[in-house]
Amino acid sequence: AYYNSAQYDEALQAFSKARELEPDLYDVYLGIGKTYMTVNKSKEALDALNRAVHLQPKNPRGVLTIGFVYATLDMPAEAKEYFTKALAINPHLADAYYGLGWMSIKEKQYGNAKVMLEKALALRSNYPAARFELGRIYLLAKDFNKAEQEYEILKKTDRNWAEKLAKEIERFKAHYGVL
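Residues numbered from 1 in each chain as written. Predicted model: local features only at pLDDT ≥ 70, side-chain atom pairs only at ≥ 80, totals over all residues. Heavy atoms only, no water.

### Points about the environment of Val-53
Among the secondary structure elements, Val-53 is positioned in helix α3 (residues 42-55). Owing to a relative accessible area of 17%, Val-53 belongs among the buried residues under this scheme. Sequence-wise, Val-53 and Gln-7 are 46 residues apart; in three dimensions their C-alpha atoms are separated by 25 Å. Other than its neighbours up to four places away in sequence, Val-53 contacts Tyr-26, Gly-62, Val-63 and Ile-66. (Helix = DSSP H or I, 4+ residues; strand = E, 2+ residues; numbered from the N terminus. Buried < 20%, exposed > 50% of the residue type's maximum accessible area, 1.4 Å probe, protein only. Contact = heavy atoms within 4.5 Å.)

Dropping the structure here:
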């Protein structure tokens, strides 16, 4: 409850109490790791998440979250390794495909990014971050029509992401002199 209401200090205190009572509970370490990730304490997040993965190596949530910690640290190779491991456990994780797409964008591997984002969207069609990134890939390819199609979909599902993509479309069109 504390984590979901952005009370992160209280969440960490509650998780610490739970850890004292039950030192080998996967969800406690996963919660600690996600909370530390949210407050940008990456080392602590990785410590807790690695403990969670040690406790339940076949549970993809911890592996996936480690991938996102590495992604936020701008370590795409490590992030991709963990996203791939998560998919080996469960090949139907839209978040893992999104993560692979996001990291491929960082590495300027746009073709691979497009494939991964499309896989994420095939698994979860209402995935605003994936749709936004796919729209950006279309912009990089100067395919403004497809970028605008992604914008139209976002407009119906998530106004915040739609506004972000609209700004990107305007910026790219201005840069390339497209009316």
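### Here's the deal with the pattern of salt bridges
For the structure shown, the criterion picks out 14 salt bridges. As a salt-bridge pair, Lys-80 and Glu-107 come within 2.6 Å of each other at their nearest N and O atoms. Taken together, the residues Lys-80 in helix α5 (residues 76-89) and Glu-107 in the loop between α6 (94-106) and α7 (110-123) connect sequence positions 27 residues apart. Of the charged contacts in the structure, one is a salt bridge between Arg-131 and Glu-150, with a shortest N-O distance of 2.6 Å. Linking Arg-131 in helix α8 (residues 128-140) with Glu-150 in helix α9 (residues 144-157), this pair joins segments that are 19 residues apart in sequence. Pair check on accessibility: Arg-131 and Glu-150 agree, each one buried. (Salt bridge = Lys/Arg side-chain N within 4 Å of Asp/Glu carboxyl O.)

### With respect to the confidence of the model for the chain
Taken as a whole, the chain shows an average pLDDT of 93; of its residues, 97% reach a score of 70 or greater. No element of the chain has a lower mean pLDDT than helix α1 (residues 8-21), which averages 86, and none a higher one than α7, which averages 98. (pLDDT = per-residue confidence, 0-100.)

### Focus on the packing of aromatic side chains
This model, assessed by the stated rule, comprises 9 aromatic pairs. Judged by centre distance (4.8 Å) and plane angle (65 degrees), the ring pair of Phe-68 and Phe-83 falls under edge-to-face. With Phe-68 in helix α4 (residues 60-72) and Phe-83 in helix α5, this residue pair connects regions lying 15 residues apart in the sequence. Of the residues examined, Phe-83 reaches a relative accessible area of 0% and is grouped as buried. Cluster of aromatic residues (ring-pair linked, three or more members): Phe-68, Phe-83, Tyr-98, Trp-102 and Tyr-127. (Phe/Tyr/Trp six-rings, centres within 6.5 Å; stacked < 30°, edge-to-face > 60°.)

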